[in-house]
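Structural characterization, general
Residues per chain are reported as follows:
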2 protein chains.
Amino acid sequence: MKNNDYTLGVLQYIPFFYVIWSDDLLSASEINVVQSAIERDESLDKKDITLLNSWLNTDKPPLNSEIKSWQHTVSNSEVRLIESENYPLSGLSQRMTTFYFSETPVNKSLEHIELNLGIQPNHYKHLFDVEVKQETTSDYYNAKEIDTIVKGEFSEIVSNLHDVLKDPVFDWDIHRKKEDFRSRVLAQVQHLASKKYGAMAYPEAYGGTNDMPGYAFIFENIMFVDGSLAIKFGVQFGLFGGSIQKLGTKPHHDKYLNKTGETNLLGCFAMTETGHGSNVRGIKTTATYNSKTDTIVIHTPGKNDNKEYIGNALDSKMASVFAQLIVNGKNEGVHAILVPVRDENHKLLPGVRIEDNGYKLGLNGVDNGKIWFNQVHVPKENLLNKYGNIKEDGSYFSEIKNPNKRFFTMLGTLVGGRICVARAGLGGAKMALTIAVKHALKRRQFNNNLKIQEDLLMDYPTHQLRLTPAIAKSYVYDITLQHIMKVYSDDSKLDKRKVETQVAGLKSIITWFANDTIQECREACGGKGYLIENRIADLKCDVDIFTTFEGDNNVLLQLCAKGVLSDFKAEFNSAGFTSVLKLLSSQIADKITTINPIYSNKTDSEHLYNSKFHKHAFEYRTRRLTYTLAMRIRDYIKKGVPSYQAFLKVQTHLLALGKAYSCELAYSTFIDFTENIQDKKNKDLFKKLGNLYALHEIRQDATWYLEQGYIGSTKSKAIRQRVERLCTELRPHVGVLVDGFGIPNHILTAPITK
Amino acid sequence: MKNNDYTLGVLQYIPFFYVIWSDDLLSASEINVVQSAIERDESLDKKDITLLNSWLNTDKPPLNSEIKSWQHTVSNSEVRLIESENYPLSGLSQRMTTFYFSETPVNKSLEHIELNLGIQPNHYKHLFDVEVKQETTSDYYNAKEIDTIVKGEFSEIVSNLHDVLKDPVFDWDIHRKKEDFRSRVLAQVQHLASKKYGAMAYPEAYGGTNDMPGYAFIFENIMFVDGSLAIKFGVQFGLFGGSIQKLGTKPHHDKYLNKTGETNLLGCFAMTETGHGSNVRGIKTTATYNSKTDTIVIHTPGKNDNKEYIGNALDSKMASVFAQLIVNGKNEGVHAILVPVRDENHKLLPGVRIEDNGYKLGLNGVDNGKIWFNQVHVPKENLLNKYGNIKEDGSYFSEIKNPNKRFFTMLGTLVGGRICVARAGLGGAKMALTIAVKHALKRRQFNNNLKIQEDLLMDYPTHQLRLTPAIAKSYVYDITLQHIMKVYSDDSKLDKRKVETQVAGLKSIITWFANDTIQECREACGGKGYLIENRIADLKCDVDIFTTFEGDNNVLLQLCAKGVLSDFKAEFNSAGFTSVLKLLSSQIADKITTINPIYSNKTDSEHLYNSKFHKHAFEYRTRRLTYTLAMRIRDYIKKGVPSYQAFLKVQTHLLALGKAYSCELAYSTFIDFTENIQDKKNKDLFKKLGNLYALHEIRQDATWYLEQGYIGSTKSKAIRQRVERLCTELRPHVGVLVDGFGIPNHILTAPITK
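What comes next is a walk through the structure.

Here is what the cut-offs are and how they apply
Residues numbered from 1 in each chain as written. Chains lettered and ligands numbered in written order. Predicted model: local features only at pLDDT ≥ 70, side-chain atom pairs only at ≥ 80, totals over all residues. Heavy atoms only, no water. Helix = DSSP H or I, 4+ residues; strand = E, 2+ residues; numbered from the N terminus. Rg over C-alpha atoms; globule rule 2.2 N^0.38 Å. Buried < 20%, exposed > 50% of the residue type's maximum accessible area, 1.4 Å probe, protein only. Contact = heavy atoms within 4.5 Å. Salt bridge = Lys/Arg side-chain N within 4 Å of Asp/Glu carboxyl O. Axes fitted to C-alpha atoms, helices over the stretch in contact; angles between N-to-C directions. Parallel < 35°, antiparallel > 145°, perpendicular 65-115°, else oblique. Nonpolar A, V, L, I, M, F, W, Y, C, P; charged D, E, K, R; others polar. Least-squares fit on C-alpha atoms with pLDDT ≥ 70 in both. Buried area = accessible area lost by both parts, 1.4 Å probe. Polar contact = N/O pair within 3.5 Å; in protein donor to acceptor, adjacent residues only side chain to side chain.

A look at the overall build of chain A
- A tally of helices and strands in chain A yields 31 helices and 13 strands.
- Compactness check: chain A gives a C-alpha radius of gyration of 31 Å against a globular reference of 27 Å for 754 residues, within 12% of the reference.
- Taking the principal axes of its C-alpha atoms as reference, chain A extends roughly 110 × 70 × 40 Å.
- Within the span of chain A, comprising 754 residues, buried residues form 62% of the whole.
- Taking as baseline every contact in chain A between residues at least 6 positions apart, the subset at least 24 positions apart corresponds to 74%.

Listed below in structure tokens is the structure:
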């Protein structure tokens, strides 16, 4: 027996007590776990129990000198810490007691503590001066299982696509010259069309499977191959084809939809104008009905009224042109008209001018161009006439009498595109995270002079903090976007206003999230991340524009907030005085809850990890921002400030509300989803991801929560610590979590991932 | 006389009262301004004064219906608001009274109020329903004056450079193929060398003017031309030439320095290795002295030990190679050795292998490469031997005995490069801001249906908020970097440790600032910002890597924090017990100040705009973070946690301290500078920029300040409002402020700026 200060019974607990106290790890409920394990441990005598319990008194913690001597006791034992063991700390303890006394058996009480406290080697391995046998990633969870839980019924569709993507036409390469790049991407789009992916969202009669949610999966997954591919694919089938499908009627479908899905008709979606980016209603291109010739005349009136950034512009034979429809001298508002732009020899048709937009930051495989029309005549039938028609007698007719409502109905049918853009952005983020994490699980940097091996990048707390919350958020947004696509695609619900509001907000926060994440991943990979071969550079350049196109994020968030506001207003106005009173009282109820210092400074882990707390925090923020926003606007209006100006005055408030609403929506969607996971092990994992999402979001807006008194200083700090701790807890599983994104190996070409 | 409810005396004040109350503009001191003006206004009778004063009672503000009737009174007058007038609101008022009564004279009291409240048309023009004759930018300040104040004695050097940059070799163009791009950039570097800019920082004997601060100005300004140019210029003259100048001795200078400055010798700086990015001390390349041949043998031992990302690698004839110097079997640590890599026919020399690093996210005009050495012999004299030498007898000698200190002394001489990288990043941010602001002063989007003209982008509050603080910060960082370069270049001060700590922090926060700003500008320009022709795309890609090279920002911030910590430790240890006591008492003094609710909720504008408040807030943060960090580390150590591990545990805390310290340094440097501006008008402008910097920084870290109780909710909200208001106040001058960056028109090629 070697020299040490403790009985065998006490000695076996020393590593545990060292871990617990050197890092101040324990909350009240956790101390309970240790206490009850000690009580039940039959290897301890009464004296041992008394001593051990005396070390669990948070009011009178062990002396530092005591803690230090524990550390020496462990270090002097010359044992190893083996991360891959089921109970690494218990194993360490057992080997240590064997060293000091003699062969000792496994102690179930220790294993119980280790399991229930959830303490893992990456919490404590840094604390000892012993040799660590490391593992880079744990196999406790299974990536394939995670992937299947997320994709559900769509697993097979995606898996089939992955096989298709093995075709050499999809092999990744660097294309610097835009012409070469574009022809490559066109070939890829045609290949996907030949495998029926283009028409997927169309009705079965037109080569599709009426599967918009499936189409969205395809869209995200081809993003892994290349951003230009995803966008050109989306322009051809989603925007051009989608405008025919959703704004046109049967004759248009019969004539064009098959050809579009097969890429036998290449088309573009000519909405945006140089002078009018986000303001679609203000576009200047005219479509004037000429009753004599029974044609519609498409015309670009002024210098900045040309169409711009139009994807597929150089390859297209036809354009779906958005223009002010003028019938009998009256402007009936924006409508879409199919305009042939090139003949079968790919020559421009008379009156049409198309210019290349040139090189862009990214997406250089997409042929964006500018288009001018000079008095171009097309048959009346080319009007996509589902929501507004020119009748036989040459008069205009629409079932939607209110021009405002008609405009938004037309645009609303295109909301699917926004969901797809968000998904593609999310795909970019997942790809970048996968690359950065795989790199961080191989790359070593710096070291303690005493150690032979340098630490893995992934073992640095700062590195965990920059990547892990983004992984959690990717899962949350994935589930959210799947859900919103289901709601959007549900044809039984005709009123799409709510889903439009939601998509506007989600597209904004998710594309911003994607950009931030990709940037973080670039930096996390250092110089290697800067090389094109490692793929993050292209992702960064391609995804960048997602914040701007299909609706500028700042504009969309205001749209979202106004949607929330009008729901609120409806609620406020519908039942008159009573409803106002009810509303105000719910406001006051909020006040009472939050001013309660017990709630605003509740910091135990049960509370902080409780989704009810998160949901309440998010709901509270949305409701409060809505209420104060409404009051501010009302105040301005009452003082005579015109309403347009009043809305300008509260612009930053609108953005805050848009973000808050979207965040709440994402979290509640994710929580509903986790409730339905059958298997407990994975359910707990997803709940942990949800916890990290929620606490990180609250942390990011902690200024607001503190200002409102919703959380106090102590709670705010506790949330920060919990975020860091969750990142550490997820450290062993981070490799499996990125594998759970399901990006196939043959697409993951970045040399730093190998 | 037309119908209205007021006397002439009262009527003339109506527009002012409407502006004041509809937007809740007034603080107590501002109410005072109005009151005293009214008292002194001889055009008012007692009844008028009583009425007007009754409308200044904040406890009993005018009824909304009253305020609304004021708005109608103004709107019904059919007058115009002319922004370009000296006193636009007084002018509006005069025209209004003329409309309702008859020709009325100018009222000096009104002008007094308008001047002293600082209310400007962009505060209130949205509030009226009258025609506004807008001006896009004011000429109250002069861009040239601002530029001269900032550049000081360096104005002429920069202005001469701008003339040189008119040479067609600097004309901007798109170069997609790296080989073409690189030869273009090489020609540009050679042209600058021929004009003596390369040697500028070298002594006069070697073609220079010993002007490192001037060199830094050149560096920032060529960034406006192209990022690749700046970096290749920096590699050749700053890194390669700088290593000869600073690590070599007279024989090296005589032999190489002239040729380097003239680009007759192209060289590279071979420090970084594939396996060792940020960990220079851990590089593996060996330089073994062979006493038999009296040569040093350079060798790459292992697979990942090659040099990587080495700029100028493909054009170089010589490399300054950092390697472990081994003399008589003993490793003397990292030293630099000049190694010829190519012969005069540009063939690689035996034992040297160089490979192109290929395409990168940006900087494709720089030829980065990987270099391997296989037992390459160079003469002993090629050791850059200022800090460590191999003597005639073959033994190693250094005046700096401590290897650690020797290593940091060598690296310390290269700190100038970090300042230059920060300056180049700042240059990129200025360029992007100039483009985005000029675009926002032309671009119109959306409109009120009642107005003919759409608003300028720059008139949106959200747009002001995304660009204006960045403009203010650019000025602050410009002054800061100039100052730090002066300190660094001051040869009378030999101990550079402090300036190293400071540069490490500043380089990090400024290059991150630059990236964030360029990204914001890209988004603020929408689709136009995405086109390469508008230049922001290249800036984004080029500046991105600045966060990683010349020291990874996360690593540098930890270096910075450790520097602050050792100052603190020195302070703590030097005088023993007394000093500890003093320190603790200053901590307690902090506590008293901050817990004082009057201070933590002081929200009047005098206080919020007082640089003493800002300085205290920044100092408090640095000191508090230092103190708590030191205590946490001490706690870990006391419990036996090894110090390397203890530092890992507090990594995020280190980053926070590094940022806080750098921010404090930047602000105090800027404030010292503003104190010395002679002319009051410009001094006030610079102070306002300082206010915006400080309040925006405090706002960004408001969570921390709230957690500490340093600011209360009310103050936190007031700071947010002040940030928004400062942006609005600077709105008329935003055009002049970006012109004040002094980017010449011929370099500003982006079509959206025209």
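Some points on the pattern of salt bridges
- Applying the stated rule across the entire model yields 67 salt bridges over all chains.
- Here K380 of chain A makes a salt bridge to D294 of chain A, at a shortest N to O gap of 3.6 Å. In this pair, K380 of chain A is assigned in the loop between β11 (376-379) and β12 (389-390) and D294 of chain A in the loop between β4 (286-290) and β5 (295-299), connecting sequence segments 86 residues apart.
- Classification of D294 of chain A as partly exposed rests on a relative accessible area of 31%.
- Among the ionic pairs, D701 of chain B bridges to R621 of chain B, the shortest N-O distance being 2.8 Å. Highlighted residues: D701 of chain B in the loop between α28 (680-700) and α29 (702-707) and R621 of chain B in helix α25 (residues 611-638), separated in sequence by 80 residues.

A short note on the packing of helix α12 (residues 212-225) of chain A against helix α13 (residues 227-247) of chain A
Residue and element names in this part refer to chain A.
- Where α12 contacts α13, the axes come no closer than 6 Å and their chain directions differ by 150°. The angle between α12 and α13 places the two elements in the roughly antiparallel class. Contacts between α12 and α13 involve Y215, I218, F219, I222, M223 and V225 from the first element and G227, L229, A230, I231, F233, G234, F237 and G238 from the second.
- Residues that form the contact of α12 with α13 fall into these classes: eleven nonpolar, three polar and no charged.

Observations regarding the relation of the copies chain A and chain B
- If you rotate chain A by 180° and push it 0.0 Å along the axis, it lands on chain B with an RMSD of 0.1 Å. In symmetry terms, the pair is related by a two-fold rotation axis. It is T703 of chain A whose C-alpha, among those of chain A, lies nearest the rotation axis, at 2.2 Å.
- Both copies present the same face, since 100% of the interface residues in chain A are matched by interface residues at the equivalent positions in chain B.

Quick look at the interface of chain A and chain B
- The interface is formed by 91 residues belonging to chain A together with 91 residues belonging to chain B.
- Buried surface at the junction of chain A and chain B, both sides included, amounts to about 8,300 Å², of which 50% is carbon and sulfur.
- By the criterion of area lost to chain B, the three top residues of chain A are R176, Y530 and K639 of chain A, representing 11% of everything that side buries.
- On inspection of chain A and its partner chain B, the count reaches 40 residue pairs in polar contact (both at pLDDT 80 or more).
- For the side of chain A that touches chain B, the class distribution of residues is 31 nonpolar, 32 polar and 28 charged.

Section: the environment of A287 of chain B
All names here are of chain B.
- On the secondary structure map, A287 appears in strand β4 (residues 286-290).
- On the basis of relative accessibility, which here comes to 0%, the residue A287 falls in the buried class.
- Between the C-alpha atom of A287 and that of E111, which follows or precedes it by 176 residues, the distance is 76 Å.
- Residues within four places of A287 in sequence aside, it is in contact with I296, V297, I298, A323, Q324, L325, I326 and I337.

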